[in-house]
Amino acid sequence: MTLRVLSVASEAVPLVKTGGLADVAGALPAALAPHGAVLTTFLPGYPAVLGAMKRAKTVHQWSDLLGEDARLLAGKIAGHPLLVLDVPHLFQRDGTPYGDARGKDWEDNWRRFAAFGRAAADVAEGAGQGKAGAFDLIHAHDWQAGMTLAYNRFAPASGAPLPAVMTIHNMAFQGYFDARIFRGLGLPRAAWAMDGVESYGGVGFLKAGLQAADAITTVSPSYAAEIRLPEFGMGLEGLIASRGSAVSGVLNGIDNGEWNPATDAALARPYTAKTLGGRKANKRALEAEFALDRDDGPLFIVVSRLTWQKGMDVLPEVLDHLIGLGGRLALLGSGDKAIEHELHRAALRHRGRIGIRIGYDEALSHRMQGGGDAILVPSRFEPCGLTQLYGLAYGCVPVVARTGGLADTVIDANVAALAQGAATGVQFVGVSYCAFAEAISRTIALYADKPRWKQVQVNGMACDFSWGPSGAAYAALYRSLTGTRP
Ligand code: ADP
């Protein structure tokens, strides 16, 4: 039996992206299609989304969606069904999906994403779906979609709540608001409870979703275990622990069509594991692009949000060490202004050895994976992480902190793993100067041992982090919650 799933997310490639959530929401429909699940993606009508919906049809209208006039538009995203909530007053704004151009969150984010959740719950129950009727299951992603499950549970427009999955892409973003907003949510008083939307005296959108979901997933098995601990649970560890076996981890996959060094049009020279020599042309191109000295020493790359979570505050501290050992760095990212400032200072100290590009540039990120020798990912926590997976696929050896998805996807080049021919990267424990610097030393020593380095690159490129296994895991979960068979 074909399963109809409403996938509720605030971002999805190729229409709107601020992080890995968009990659996952964009990839899920294709990943689930072979398993008899048809995913319809539900997105807010941001300018970029509406701009891409040339032939959209209005399939439903609300005259009072938490006080707003709203329309439901139907279209396609990468050939899969797409529904978009058009509320110009809430979503048609300049800036990011969550705040103004300077990064300040919109004051009415609670209203924006409560309306989004209310509409999603209505749609899941069949609003605008004609004869197709209600969906079989709701899959909500992150706090922006969390309220969908609270409305589905406490205020279904008709009928009984639908089965629901809540996926946590990052526990650090919880959508926590003052208790006063509760009255504006249009929920019955019963929802104001510990096992409802109340969270530490306020309203927690992610918490509400986690509480109402039949199953909770996060994007790696290690992160699923870590969020039971205060260090990673960010206040919701008790709730996660109490949900017991309802919580599981499903690794994100990568899109092998987009991220394949053999066919990547962004690269000066595409290559495979058998033609790794082709990487040299990409390395030369990258050196030129970042105004770096030309040499055959190790070229490290970073493609990252420049934040504390990503360990980017420690990066400037280790750069003198990295350069002292003959390394160079090409960095692409943006974020924390203090970190950007420290990186610029390091680049001034080490002209020709460090190149910094502040901004967001998809094509450049491909060129960096194709020309860099090793990618640094020193995250303090990392639900899954995608850049280390791209690094593995491109023979750009990942150097990662042992946490979350980084721990699950990279095999450390220790003596035993090297002897077994299994190593795919370098791991270090704890994001400190000492641990990070030691990992860089180990990486540079490994790089000098050419046959071993090549083996590590080839091992990484042989890993299968495609959506195949993860699509099957989500399908099995959907089937178990709906009691259906493929
Ligand atoms: P997060 O979602 O926490 O930022 P992930 O590693 O899961 O981290 O996903 C980040 C995604 O964004 C990856 O696809 C990565 O290549 C991309 N990315 C991050 N920063 C940049 C940038 N400055 N330019 C281009 N792509 C970037």
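Let me begin by describing the structure that accompanies this report. (Residues numbered from 1 in each chain as written. Predicted model: local features only at pLDDT ≥ 70, side-chain atom pairs only at ≥ 80, totals over all residues. Heavy atoms only, no water.)

### Let's talk about the pattern of salt bridges
Put simply, the test is: Salt bridges are defined as contacts in which a side-chain nitrogen from Lys or Arg sits within 4 Å of a carboxyl oxygen from Asp or Glu. Counting from the N terminus, the helices are the DSSP runs of H or I reaching at least four residues and the strands are the DSSP runs of E reaching at least two. Exposure classes here rest on a 1.4 Å probe applied to the protein chains alone. A residue is buried below 20% of its type maximum, exposed above 50%, and partly exposed in between.
Going through the model one piece at a time under the given rule, you end up with 22 salt bridges. Its salt-bridge partner being Arg118, residue Asp122 comes within 2.8 Å of it at the nearest N-O pair. Of this pair, Asp122 and Arg118 both sit in helix 4 (residues 109–124), separated by four residues, roughly a single helical turn. You'll find Asp122 and Arg118 in the same group, each marked buried. With a shortest N-O distance of 2.8 Å, Arg380 and Asp313 are connected by a salt bridge. With a gap of 67 residues between them, Arg380 in the loop between strand 16 (374–377) and helix 14 (387–394) and Asp313 in the loop between strand 13 (299–306) and helix 11 (315–324) connect regions that are remote in the sequence. On the basis of relative accessible area, Asp313 is assigned to the partly exposed category, the value being 27%.

### What to know about the sheet that holds strand 9 (residues 198–199)
Note the following rule: The pairing criterion is simple: DSSP has to find at least two bridges between the two strands. What makes two residues a contact is simply this: any of their non-hydrogen atoms within 4.5 Å. For every element, the axis is a line fit to its C-alpha atoms; helices are fit only across the contacting stretch, and the angle between N-to-C directions ranges from 0 to 180 degrees.
Across the sheet, three strands lie side by side as 8-10-9; this open sheet has antiparallel pairing. Since the sheet does not close on itself, it has two edges, and those belong to strand 8 (176–177) and strand 9, each with one partner. Relative to strand 10 (residues 202–204), strand 9 is paired through two bridges, and the arrangement is antiparallel. Within strand 10, the residue paired with Glu198 across the bridge is Val203. The strands touched by helix 6 (residues 205–212) are strand 8, strand 9 and strand 10; relative to strand 10, the strand with the most contacts, the crossing angle is about 60°.

### Topic: the pairing of strand 6 (residues 137–141)
Heads up, the condition is: With its strands directed away from the observer, a crossover is right-handed exactly when the path from the first strand over the helix to the second travels clockwise.
Within strand 6, five of the five residues are buried, which leaves it mostly tucked inside the rest of the structure. What you see with strand 6 is no split at all: Leu137, His139 and His141 on one side and Ile138 and Ala140 on the other are buried throughout. Bridge analysis of strand 1 (residues 3–8) against strand 6 gives four bridges, and the strand direction is parallel. Its bridge partner being in strand 6, Ser7 is matched across the sheet by His139. In terms of handedness, the path from strand 6 via helix 5 (residues 142–154) over to strand 7 (residues 164–168) forms a crossover that is right-handed.

### Some points on the site of the ligand
Selection rule: We define proximity as follows: a residue is near a molecule or strand when any one of its heavy atoms falls within 4 Å of that partner. Within 3.5 Å is the distance limit for a polar contact, defined as a pair of N or O atoms, with the added protein rule that one can donate a hydrogen and the other accept it, and that residues adjacent in sequence qualify only through two side-chain atoms. Only the protein chains shown count as cover for residues, and the accessible areas themselves come from Shrake-Rupley with a 1.4 Å probe. Those domain boundaries reflect an automatic or database domain assignment.
The immediate surroundings of the ligand are formed by 19 residues, with Gly20, Arg305, Lys310, Gly359 and Leu386 found nearest. Gly20 has a polar backbone atom sitting 2.6 Å from an oxygen atom of the ligand. Between the ligand and Arg305 there is a distance of 2.8 Å, counted from an oxygen atom to a side-chain nitrogen or oxygen. With the chains in place, 91% of the 570 Å² that the ligand exposes on its own is no longer accessible. Mapped onto the shell around the ligand, the elements with two or more residues apiece are helix 1 (20–32), strand 13, strand 14 (328–335), helix 13 (362–371) and helix 14. Ranked by residues supplied to the shell around the ligand, first place goes to strand 13 with three residues. A domain split of the shell around the ligand shows at least three residues from each of domain 1 (3–253 + 468–482) and domain 2 (273–462).

### What to know about the packing of helix 13 against helix 14
Applicable threshold: Roughly parallel refers to an angle under 35 degrees, roughly antiparallel to one over 145, roughly perpendicular to one between 65 and 115, and oblique to any angle outside these ranges. By the definition used in this description, the sense in which the near helix is turned from the far one sets the handedness, with an anticlockwise turn below a right angle giving left-handed and a clockwise turn giving right-handed.
Running from N to C, helix 13 and helix 14 point in directions that differ by 50°, and their axes come no closer than 8 Å. With respect to helix 14, the element helix 13 is oriented oblique. Seen along the crossing, helix 13 lies across helix 14 with a hand that is right-handed. From helix 13, His366, Gln369 and Gly370 reach across to helix 14, where they touch Thr387, Tyr390, Gly391 and Tyr394.

### Brief notes about the packing of aromatic side chains
Under the convention used in this document: Two rings from Phe, Tyr or Trp (for Trp, the six-membered ring) form a pair when their centres sit within 6.5 Å of each other. Planes less than 30 degrees apart are called stacked, planes more than 60 degrees apart edge-to-face, and all others tilted. Only lysine NZ and arginine CZ atoms are considered, and such an atom sits over a ring when it is within 6 Å of the ring centre and within 35 degrees of the ring normal.
Taken as a whole, this structure holds 14 aromatic pairs when the rule is applied. By way of ring pairs, the aromatic residues Phe42, Tyr46, Phe91, Tyr98, Phe113, Phe116, Trp143, Phe177 and Phe205 are connected into one cluster. The ring of Phe135 carries Arg4 above its face, with NZ or CZ at 4.1 Å from the centroid.

### Details of the environment of Phe116
Tracing the backbone through its elements, the reader meets Phe116 in helix 4. Non-local contacts of Phe116, meaning those with residues more than four positions away in its chain, are made with Val8, Ala9, Ser10, Phe42, Leu43, Pro44, Leu85, Phe91 and Gln144.

### Observations concerning the sheet that holds strand 18 (residues 426–428)
The strand order across the open sheet formed by six strands is 15-14-13-16-17-18, and the pairing between neighbours is parallel. The open sheet terminates on both sides in strands that have one partner only, identified here as strand 15 (354–358) and strand 18. Averaged over neighbouring strand pairs, the angle between their axes works out to 15° when direction is ignored. Strand direction decides the pairing type here: strand 14 and strand 15, joined by five bridges, are parallel. Note on strand 15: the bridge partner recorded for Leu331 is Ile356. Here helix 13 sits on the sheet in contact with strand 13, strand 14, strand 15 and strand 16, set at roughly 150° to strand 13.

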